[in-house]
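# Topology and contacts: notes
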Amino acid sequence: QVQLVESGGGLVQAGGSLKLSCAASGRTSSSYAMAWFRQAPGKEREFLAALSRSGIMTYYEDSVKGRFTISRDNAKNTVYLQMNMLKPEDTAVYYCAASERRAALVRYVSDMNYWGKGTLVTVSS
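Residues numbered from 1 in each chain as written. Predicted model: local features only at pLDDT ≥ 70, side-chain atom pairs only at ≥ 80, totals over all residues. Heavy atoms only, no water.

## Description of the pattern of salt bridges
Going by this rule: Basic side-chain nitrogens of Lys or Arg form a salt bridge, by our definition, when they fall within 4 Å of a carboxyl oxygen of Asp or Glu. Helix and strand definitions follow DSSP, with helices as H or I runs of at least four residues and strands as E runs of at least two, each counted in order from the N terminus.
Tallying each qualifying case throughout the model produces 5 salt bridges. Between Asp62 and Lys65 there is a salt bridge whose closest N-O contact spans 3.1 Å. For Asp111, the salt bridge identified is with Arg101, shortest N-O distance 3.3 Å. With a gap of 10 residues between them, Asp111 in the loop between strand 9 (92-99) and strand 10 (114-115) and Arg101 in the loop between strand 9 and strand 10 connect regions that are remote in the sequence.

And the structure:
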């Protein structure tokens with residue numbers, strides 16, 4: 001089992017950047033395929049980016065491709081989401097999640113076994 005804690009959220013102006021961190025404790029995060037999701041008020045949880053156990057393979061939702069980068073530091077048991085060129089519509093609670101599925105990349109809410117509690121990102125116009 002793994003526990004996930006997100007950090008790094010906050011208030012940023014449109015066009016700015018933030019880097020979110022997801023610290024894993026318990027079982028090492030390299031045992032899991034990882035992903036980032038977000039949920040805006042009144043909307044469903046949305047997939048953003050996925051990362052393989054090795055950290056070599058990535059997959060991004062079209063709306064964030066070219067702006068967000070997912071990465072991991074297995075030595076620190078941490079997964080990151082670098083977010084650039086932020087827009088007001090990126091405002092949401094951001095969650096990291098871990099999957100025990102054998103697939104290299106997982107991107108569906110139903111595929112994830114563990115979730116953090118989220119960190120709020122607010123982008124002002």
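## As for the pairing of strand 3 (residues 18-26)
Heads up, the rule is: Two strands qualify as a pair provided that DSSP identifies no fewer than 2 bridges between them.
In terms of strand pairing, strand 1 (residues 2-7) meets strand 3 through 6 bridges, oriented antiparallel. In the strand pairing of strand 3, Val5 is matched with Ala23. Across 6 bridges, the pairing between strand 3 and strand 8 (residues 78-83) is antiparallel. Paired with Ser21 across the bridge in strand 8 is Tyr80.

## Points about the packing of aromatic side chains
Put simply, the rule is: Think of it this way: a Phe, Tyr or Trp ring, Trp meaning its six-membered ring, pairs with another when their centres are within 6.5 Å, and the plane angle makes it stacked under 30 degrees, edge-to-face over 60, tilted otherwise. Note on classification: 1.4 Å probe, protein chains only; a residue is buried when its accessible area is under 20% of the maximum for its type, exposed when over 50%, partly exposed between these limits. By the criterion adopted, a ring carries a charge over it if an Arg CZ or a Lys NZ lies within 6 Å of its centre and within 35 degrees of its normal.
A complete count under the given rule lists 5 aromatic pairs for this structure. Aromatic side chains Tyr95 and Trp115 sit 6.4 Å apart centroid to centroid with 85° between the ring planes, which places their arrangement in the edge-to-face category. Residue Tyr95 is located in strand 9, and its partner Trp115 is located in strand 10; the two are separated by 20 residues in the primary sequence. Its relative accessible area of 11% is what places Tyr95 among the buried residues. One aromatic cluster in this structure is built from Phe37, Phe47, Tyr59, Tyr95 and Trp115. Over the aromatic face of Tyr80 sits the side chain of Lys19, whose NZ or CZ is 4.5 Å from the ring centroid. The ring of Trp115 has Arg45 lying over it, and the distance from NZ or CZ to the ring centre is 4.7 Å.

## Examining unusual backbone geometry
A positive phi angle, near 55°, is found at Asn77, a position not held by glycine. For Asn77, the position within the fold is in the loop between strand 7 (68-73) and strand 8. For Asn77, a relative accessible area of 14% translates into the label buried.

## Points about the side chain of Asp111
Rule in force here: We call two residues in contact whenever any of their non-hydrogen atoms come within 4.5 Å of each other.
A residue is classified by how much of its surface remains accessible, and Asp111, at 13% relative accessible area, is buried. With near-sequence residues (within four places) excluded, Asp111 lies in contact with Ser99, Arg101 and Val106.

## Thoughts on the nonpolar core
Here is the rule: Throughout, nonpolar core names a set of buried Ala, Val, Leu, Ile, Met, Phe, Trp, Tyr and Cys residues whose side chains join them through atoms within 4.5 Å.
Of all hydrophobic cores here, the largest spans 29 residues; its most connected members are Leu4, Trp36, Leu81, Met83 and Tyr94. Elements represented by at least two residues in this core include exactly strand 1, strand 3, strand 4 (33-39), strand 5 (46-51), strand 7, strand 8, strand 9 and strand 11 (119-124). Setting aside chain neighbours within four positions, we find Leu4 in contact with Cys22, Ala23, Ala24, Met34, Cys96, Ala97, Ala98, Tyr114, Trp115, Gly116 and Lys117. Core analysis: the next-biggest nonpolar cluster, separate from the first, contains 8 residues, Ala35, Phe37, Phe47 and Ala97 among them.

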